[in-house]
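Coordinate inspection notes
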Amino acid sequence: MNTSQTVPRQHVQRSRMVDFRRFLSEFTDGRVEKSAVLILIAALLISVIAPMVYHSYSDINPLDRMKPPSADHFFGTDHLGRDVFERTMVGTRNSLIIGFSVAIATTIIGCILGLVSGFISFGDKIIMRLMDGFMAIPNVLLAIALVALMGSSLLTIIIAISVPEIPRMARIVRSVVVSLKEMPFIDAAVTMGTPQWKILLRHLLPNTVGALSVQATATCASAIMTEAILSFLGAGTPPNIPSWGGIIAESRVFFQIAPWAIGFPGLMLSLLVLSVNILGDRLREVLDPRVARRRS
Amino acid sequence: MSEALLETKELSKTFNIGKGKSLKAVSDVSLTLNKGETLAIVGESGCGKSTLARLLLRLEQATSGGIEFDGNDISEISGAVEKQWRRNVQMVFQDPYTSLNPRMIAHDAIREPLDNYAEGTKQERNQKAHDLLHRVGLNVDFGQRYPHELSGGQCQRLGIARALALNPKVLVADEPVSALDVSIQAQVLNLMMDLQADLGISIVFVSHDLSVVRHISDRVIVMYLGRIVEEGPADIVLDTPSHPYTKALLDSVPIDHPSKRRSKTLLSGEVASPLNPPSGCAFRTRCPVATDQCAQTIPKLRSVGPKVSAACILLESK
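The rules behind these values
Position numbers for residues count from 1 along each chain, tracking the sequence in the order it is written. Throughout, the order in which chains and ligands are written sets their labels, letters from A for the former and numbers from 1 for the latter. Reporting in this predicted model follows two pLDDT cut-offs: at least 70 for local features of residues, and 80 or more for side-chain atom pairs to be given and counted; totals over whole chains, interfaces and linings ignore these cut-offs and use all residues. Side-chain measures were taken over the full set of non-hydrogen atoms in the model, leaving aside hydrogen atoms and water. Runs of E in the DSSP output that reach at least two residues are strands. Runs of H or I that reach at least four are helices, and both are numbered from the N terminus. Only protein chains enter the area calculation, which uses a 1.4 Å probe; residues under 20% of their type maximum are buried, those over 50% are exposed, and those in between are partly exposed. Side-chain atoms alone can form a polar contact between residues adjacent in sequence; in general such a contact is a pair of N or O atoms within 3.5 Å, and within protein one must be able to donate a hydrogen while the other accepts it. Contacts are residue-level and defined by heavy atoms, with any inter-residue pair within 4.5 Å sufficient. UniProt positions are given in the numbering used here, feature names are shortened, and annotations may be inferred rather than shown by experiment. The set of buried Ala, Val, Leu, Ile, Met, Phe, Trp, Tyr and Cys residues whose side-chain atoms join them within 4.5 Å is what this entry labels a nonpolar core. The pocket and cavity definitions rest on a 1 Å grid over protein atoms only: a 1.4 Å probe that fits but cannot leave marks a cavity, an open set with protein on both sides within 12 Å along at least five of seven lines marks a pocket, and residues lining either have an atom within 4 Å of a point. Grid points are joined across faces, edges and corners, and a volume is the space filled by probe spheres set on the points. Under the scheme applied, nonpolar residues are Ala, Val, Leu, Ile, Met, Phe, Trp, Tyr, Cys and Pro; charged residues are Asp, Glu, Lys and Arg; polar residues are all the others, including Gly. Pairing between two strands requires that DSSP report at least two bridges joining them. Axis lines are fitted to C-alpha atoms, over the contacting stretch for helices. Their N-to-C directions set the angle, which ranges from 0 to 180 degrees. Patch criteria: residues need more than 30% relative accessible area and no salt bridge. Like-charged residues are merged within 9 Å; nonpolar side chains of Val, Leu, Ile, Met, Phe, Trp and Tyr are merged within 5 Å. Areas reported here follow the Shrake-Rupley algorithm with a probe of radius 1.4 Å; residue values treat only the protein chains shown as occluding. The working definition used for a salt bridge is a side-chain nitrogen of Lys or Arg within 4 Å of a carboxyl oxygen of Asp or Glu. Here, the term disulfide refers to a pair of cysteine sulfur atoms separated by no more than 2.5 Å.

All names here are of chain A. Following the sequence through the fold, Thr106 ends up in helix α3 (residues 84–120). The class for Thr106 is buried, based on a relative accessible area of 0%. A polar atom in the side chain of Thr106 sits 2.8 Å from the backbone oxygen of Val102. In this structure, Thr106 is in contact with Cys111, Ser162, Glu165, Ile166, Met169 and Thr219, ignoring residues within four places of it in sequence.

Written as structure tokens, this is what we have:
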């Protein structure tokens, strides 16, 4: 046995750095993925910068009603003469905040519920039947009810969209955990004295990441859509905050005269949702060591 | 050599499979594993040998009967006592891939048991993991690889290194080579035998492959439908089997030389269902020499020769 070699520690850390760089390069590999990353970064920048730059997005200008896109108004103007470009840019923040908040909230809560019922089997049946119940609630109706009760605010919308999404996440985590639990490597961990919490964090959770990332990004995309639907129905964010769904809703009557007023925010919505979905798929591929290394 | 390390006393395991039915996977198994020996457990699929292995590791709780380790009863231990006991008995699994976490590199997999018992400093544990890789004949660079980047044989070596990390006294190997290519099987078996010679550990070797068993084991236990039917030194049991089931099992091994071929007693029919085992001797439905008497009582293990015991009423006890 050779005991004079003393490489290990540094070696481990260096390899993790290499892994991270490889992760980045693989993540942005391919034209579609590159565009999706760029769109997402652009959306993030816009959502930070736009509200600081544009202050006149609510200014009504009757003389400039329903003007087509021009150098003055890139996306044209709506039926009240408001600049659609400014409104759309400012509305980006709303969509992103709701998309990400819902994705994060449902992932955390769904993950905990899924792990509890799948691994600890504590109240498995009760939790799952409750989840079935929550799933049966249509999110749009719940949102309308909540907005009626609590008033229209970002938080209300986030809660309303999250509640019916949590069970989906919980079910996916549970099913993955239930099947992983029977794997020999879990038995192996038990025989080598690994405590339960460590089995959960080191063996089960990392192996749910693939399923989690897909569901989280799908949730993010669908939350952005749902928010647009709610704004369209008038149950979304308050009217003083422009949102893509709201802009589309207000302009739908004038669709034939001023198509740009719903076309541009609609295009932004499609691009963002598409990008998030593409990156979600890619995330799953890159995070799975089996798929990731095979490509390189 | 003959000092008992792990002993079971009338160990039984019954699984409830719903609708009021139960399946008796292991019935009244009493066995002794001595220090430094290799004990093979052989039998057909479904004879309860894997369940027995899991009982020995306390991955399953026995329905009745007791297990003693080094003279201490361990069938009811839990918590910190159980954790301290676990380091004495480690397992090598059948499938080298699924017994490793796909998201953990080899180095971390070996370090995990060391971390669990907080042995030495982090640096020392890294060093030990490193040495173990070397010990089982793996290139040290493989420490940075994920299981899917290793071959089956390499994964099994990794599994053995991980099992050895805690310096166990007993290694339970559940068909450790049946998933490997024949050429790799020999390598892994020789590795296990070398390690046993160096470290003096006892091995429980579960297998259905009799040629492998002959190669590696000191004593053999033959199981049929959850019960021990024959037990004794490997060379005696495998060369001059007593129990009709052992005879039939050995006859099923192909012989590589035409002139050595002998008349065979091939078994007919299927293994009786463990859900509804036959009365008396469980093997009587397929036994070539069964009589009416065999249906009456469950035969007990009796001494039938020097160091050999068998459970068959037709054998004269000695």
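Let us now look at the UniProt feature "transmembrane region" (unreviewed entry) in chain A. Residues and elements named next belong to chain A. Per the UniProt record, "transmembrane region" (unreviewed entry) is annotated on residues 36–57, 96–120, 140–161 and 253–274. A helix fraction of 82% and a strand fraction of 0% characterise residues 36–57, whose end C-alpha atoms lie 27 Å from each other. Note that residues 96–120 is 100% helix and 0% strand, and that its end C-alpha atoms are spaced 35 Å apart.

All names here are of chain B. Leu52, Phe69, Val170, Val204 and Met223 are the most contacted members of the largest nonpolar core, which totals 34 residues. With five residues, the single largest contributor to this core is strand β2 (residues 22–34). Ignoring sequence-local partners within four residues, the contact set of Phe69 consists of Leu5, Leu6, Ile74, Trp85, Asn88, Val89, Lys169 and Val170. Residues Leu132, Leu133, Phe142 and Val212 belong to the second largest nonpolar core, which totals 33 residues.

Before going further, it helps to examine the layout of surface pockets. For the largest pocket, the calculated volume is near 730 Å³. Around the largest pocket, the lining is made up of 27 residues, and of these Ile186, Asp187, Val190 and Gln196 of chain A together with Leu59 of chain B lie nearest the centre. Those elements giving two or more residues to the lining of the largest pocket turn out to be α3, α7 (184–191) and α8 (196–233) of chain A together with α2 (79–86) of chain B. In terms of residue class, the lining of the largest pocket is made up of ten nonpolar, six polar and eleven charged.

Moving on, we get to the sheet that holds strand β4 (residues 64–69) of chain B. Residue and element names in this part refer to chain B. With antiparallel pairing, four strands are arranged side by side in an open sheet as β2-β1-β4-β5. Where the open sheet ends on each side, the last strands, each with one partner, are β2 and β5 (72–73). Across nine bridges, the pairing between strand β1 (residues 4–16) and β2 is antiparallel. Residue pairing across strands places Asn16 opposite Ser22, the latter belonging to β2. Strand contacts of helix α1 (residues 49–56): β1, β2 and β4, with the helix running at about 120° to β1, the strand carrying the most contacts.

A cluster of nonpolar side chains, namely Ile41, Leu45, Val48, Ile49, Met52 and Val53 of chain A, defines an oily patch on the protein surface of about 550 Å² accessible area. Mapping Val53 of chain A onto the fold places it in helix α2 (residues 31–53).

Before going further, it helps to examine the state of the cysteines. All names here are of chain B. If you walk through the whole model with that rule in mind, you get zero disulfides over all chains. Cys47 takes part in no disulfide bond, and the closest cysteine sulfur to it belongs to Cys281, at a distance of 14 Å. Considering cysteine sulfurs only, Cys281 is the nearest to Cys294, which forms no disulfide, with 5.8 Å between them.

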